[in-house]
Amino acid sequence: MSVCTCNHATNFALLMDVYGQQRQASTDATDDEVLSYISHIGCAISFVALLITVLIYTMFSRLRRDEPSKILYNMCWGLLAFNLCFLLGLAINDDTDAVWCKGLAASMHYSLLAAMFWMAVNAYHMHLSLIRVFNTYIDNFYLKCALAGWGSPFIFVAITLAINKTDNYGLISSHLCWIKHPAIYYGLIAPVACIIFVNCIVFLKILRLIEKMSTTNSSAISNFRATASLFILLGLTWIFAFCAFGKFRIVFNYLFAIFNSIQGLFIFTFYCMLKQEVVISLKKLCNIKSDDSKAQKPKAGEISTMSTYQEISRASTDQDSRQLEPKVVRKK
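Thresholds, definitions, all that
Residues numbered from 1 in each chain as written. Predicted model: local features only at pLDDT ≥ 70, side-chain atom pairs only at ≥ 80, totals over all residues. Heavy atoms only, no water. Core = buried A, V, L, I, M, F, W, Y, C linked by side-chain atoms within 4.5 Å. Buried < 20%, exposed > 50% of the residue type's maximum accessible area, 1.4 Å probe, protein only. Helix = DSSP H or I, 4+ residues; strand = E, 2+ residues; numbered from the N terminus. Salt bridge = Lys/Arg side-chain N within 4 Å of Asp/Glu carboxyl O. Arc of directions from axis to C-beta. Disulfide = S-S within 2.5 Å. Contact = heavy atoms within 4.5 Å. Patch = residues over 30% accessible without salt bridge, like charges linked within 9 Å, V, L, I, M, F, W, Y side chains within 5 Å. Areas by Shrake-Rupley, 256 points an atom, 1.4 Å probe, with all protein chains shown as cover.

Another aspect to go through is the nonpolar core. A general tendency of soluble globular proteins is for nonpolar side chains to be buried together. Counting 82 residues, the largest nonpolar core has Met-16, Tyr-57, Trp-178, Leu-188 and Ile-267 as its most contacted members. Per-element tally for this core: the top contributor is helix α4 (residues 98–132), with 17 residues.

At the junction of His-181 and Pro-182, the peptide bond is cis and its omega measures out at 0° in the coordinates. A positive phi is found at Asn-164, a non-glycine position, where the angle reads about 65°. Position of Asn-164 among the secondary structure elements: in the loop between α5 (141–162) and β1 (169–171). The phi angle at Thr-166 is positive, at roughly 65°, despite the residue not being glycine. Summarising the element assignment, Thr-166 is placed in the loop between α5 and β1.

This part covers the pattern of salt bridges. Counting across every chain of the model gives three salt bridges. Across the salt bridge formed by Glu-277 and Arg-62, the nearest N and O atoms sit 3.6 Å from each other. In this pair, Glu-277 is assigned in helix α10 (residues 276–285) and Arg-62 in the loop between α2 (29–59) and α3 (67–88), connecting sequence segments 215 residues apart. Shared partners join several salt bridges into a network, and the residues in it are Arg-62, Arg-65 and Glu-277.

Along α10, the residues classified as buried are Val-278, Ile-280 and Ser-281. Along the long axis of α10, the arc covered by the buried residues comes to 165°, so they all point the same way. Looking at the residues trailing α10, positive phi occurs at Asn-287, about 60°.

It is worth spelling out the state of the cysteines at this point. Applying the stated criterion across every chain yields a total of one disulfide. The partner cysteine of Cys-101 in its disulfide is Cys-177, sulfur to sulfur 1.9 Å. Here Cys-101 and Cys-177 share a disulfide; its torsion about the S-S bond, -120°, makes the bridge left-handed. A residue pair is termed long-range when its members are at least 10 positions apart, and Cys-101 in helix α4 and Cys-177 in strand β2 (residues 177–179) qualify at 76 residues. Under the relative-accessibility criterion, Cys-101 is labelled buried at 4%. Residue classification places Cys-177 among the buried positions, given a relative accessible area of 1%. Free cysteine Cys-76: the closest other cysteine sulfur is in Cys-272, separated by 7.5 Å. What makes Cys-76 buried here is its relative accessible area of 2%.

Here the focus is the environment of Tyr-124. Mapped onto the elements of the fold, Tyr-124 is located in helix α4. Expressed as a C-alpha distance, the spacing of Tyr-124 and Cys-145, which sit 21 residues apart in the sequence, is 9.7 Å. In contact with Tyr-124, not counting residues within four places along its chain, are Ile-138 and Phe-141.

What follows covers a nonpolar patch on the surface. A cluster of nonpolar side chains, contributed by Tyr-37, Ile-41, Ile-45 and Leu-265, occupies part of the molecular surface with about 370 Å² of accessible area. The residue Tyr-37 is located in helix α2 in this model. Among the residues examined, Tyr-37 registers a relative accessible area of 51% and is labelled exposed.

Such coordinate-based values are descriptive only and should not be taken to indicate function.
Now the structure itself:
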């Protein structure tokens, strides 16, 4: 009698195995299987959601007229490519060609870093728009953002490929084509950790700004949604990977797999389904009349959720400009 064991589980927690625990001692078989199902299903849903998002923003150029939307558009392309590579990796097995495996791992490495660097670009733009506000003009800003978002990941991938004669990529113990230890530390974990650290600082500063702008008329749900959308947009869900150690490792592995595998779905929900400008554009395409007068507008002091920091930026700028207006003193 022969017993066949299968260790073909691939889940998102393996992509950011910061402490090497996933490769040294595997998780419980049940947890491993559940994490794999969550990752596969969530990744497939995110791929479809991101594909629809990219198509919508491609069809309607006016949705990409401002810099935040352009940054979001590029970030979606990076996440879309990453999810596609992850889904293609589901067909990997021990008989997979080594060149194909290394190429897939390098492509997934590049697309993941590209998405993360665009999240960093997003944080920097938020810093300029919401925190710094004045004297923020930069020549060829979008071109420089593109170089940072698409060029920086190439440097890390090139270094990872150059060191150890491309053997830093390959089939790891979980039947996943990915970065091997210890190359994963300088090729992925180090840049991601720096990006998350900076994005956390920007996120906390924006939370303080939201708190200052909130009034007694503010909706708690609206403020929560605005906070959640910014949390997703800045990629702060990846922080769960750095918390996955000790007895809480399984808990944070689940949180990491759930939130990051469906990150694309969150983006589609916040920036397509619940964004008024997108809904109006789709209604016009389908010849559906929309009554703009009946559209719900945020109450005074309430932060509109789905336009996130674009509206927060306008509100904070207006507030600052009012403070800077010279007071006219009439002489009697």
